[in-house]
Amino acid sequence: MKRIGFGLSIPIGLIAIERIINLLNETDKLGYDSFWIHENPAYGDSISIIAILSQLKKNIKLGLGCTSIVTRHPVMIASAAVTLQNLSNGKFILGLGLGGFPWLPLIGFPVHPISETKPLKRIIEAVKIIKALIKGERADLEGTFYKVKGFSLAVKTPHQIPIYTASLSKKTLRYSPAIADGVITSPGVMTPRDLERMLSWVKEGEEKYNRKIDKACYVLTSVSQNEREAFNFVKRDPFFIYQLSEVVSEESLKEYGVNLSKMNEIREAWRKRDIATASRLIEDDMVLALTASGKKEEALNKFYEFFKTEHNLFIVSPIGEIEEAIKVFSK
């Protein structure tokens, strides 16, 4: 069965905890499957927020999507995961990934070249340690990135902790069925055809390792009674501008007939962190290709293009009129 989750698009340091609680209450009331929070160390600690939300005793699951295996040691991730699973009475989902490409190099962890940074090997090592610890076992690993010698957690949980890996890499997505319970194929700014391609890599892994896993993706959305306003919310969003500038391929945009004449200017503005200029240069067709945005019916129609992909969980991540979007996509 396909499910709809909610992804908080605003960094937690820029939104009051009272509003986050209200959003959780609303999504729970409307039957959303799960409530997901991104992690960005520049804007506060997402684990602390999930700990607070776990005490509201709601039915909705709580997802951390995703925490960084670079900035958090796997031992600390496992310790936090067990704590959160106990606090939430079994409703916590642990998402794992490398972390944000813009800030990793700023703290001494280059992302490229892949042949040297070996992201898949790092993820495999991290998951091996975390799995052992959350199961109450001793972790032993003499790895390239982590070295753990007989460490175990004194705290246990009676609940299984689902582990989802998040990646844009073909190798990692293909390998995810071997090590994870689920996978997140999109951070939210992708075309439906991109999602289908990434999903095909996961399916190859499912066939190779004879194991089915949950398949989730974020879908960035903006809903307003005024189409222009809905598009402008997206164009001013730093996360959208970053993804458009640094992550989304031009080939993907060409498939949707997007005019790319201003892409170099957009990238230049983004690298200077000139959000105003980048926003002004972004075309409507870029927003239409990569998000489910516009008036209510337009946004829903675009969302159906994403929904037709063979994912199990679609994490709606609204920009702008968040409360209105929650009502629209709950249906």
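Residues numbered from 1 in each chain as written. Predicted model: local features only at pLDDT ≥ 70, side-chain atom pairs only at ≥ 80, totals over all residues. Heavy atoms only, no water.

Caption draft 1: Inspection of the nonpolar core at higher detail. Of all hydrophobic cores here, the largest spans 74 residues; its most connected members are F35, L94 and F329. Among the elements that make up this core, the one with the highest residue count is helix α5 (residues 119-134) (eight residues). The contacts of F329, once residues within four sequence positions are left out, are I4, Y32, T221, V223, A292, A299, L300, F303 and V316. One finds V234, L260, M263 and L290 within the second-largest nonpolar core, a separate group that totals 24 residues. (Core = buried A, V, L, I, M, F, W, Y, C linked by side-chain atoms within 4.5 Å. Buried < 20%, exposed > 50% of the residue type's maximum accessible area, 1.4 Å probe, protein only. Helix = DSSP H or I, 4+ residues; strand = E, 2+ residues; numbered from the N terminus. Contact = heavy atoms within 4.5 Å.)

Caption draft 2: Local environment of the pairing of strand β5 (residues 139-142). Taking every second residue as pointing to the same face, the buried face of β5 carries A139 and L141, while none of D140 and E142 on the other face is buried. Sheet topology places β5 next to strand β6 (residues 147-151); four bridges connect them, and they run antiparallel. Among the inter-strand pairings, L141 is bridged to a residue of β6, identified as V148. With antiparallel pairing between neighbouring strands as the criterion, β5 and β6 make up a hairpin whose turn holds four residues. (Pairing = 2+ DSSP bridges.)

Caption draft 3: Representation of the state of the cysteines within the structure. Under the counting rule described, the total for this entry stands at zero disulfides. C66 carries a free sulfur, and the closest cysteine sulfur to it, the one in C217, is 13 Å from it. We classify C66 as buried; its relative accessible area is 16%. (Disulfide = S-S within 2.5 Å.)

Caption draft 4: Region of interest: the pairing of strand β7 (residues 163-166). Examined bridge by bridge, strand β4 (residues 92-97) and β7 share three bridges and lie parallel to one another. In the strand pairing of β7, L96 is matched with T165. Bridge count for β7 against strand β8 (residues 182-184) is three bridges, and the pairing is parallel. Across the sheet, the residue bridging to T165 is V183, located in β8. For the handedness criterion, the β-α-β arrangement of β7, helix α6 (residues 170-179) and β8 is classed as right-handed. (Right-handed = clockwise from strand over helix to strand, strands pointing away.)

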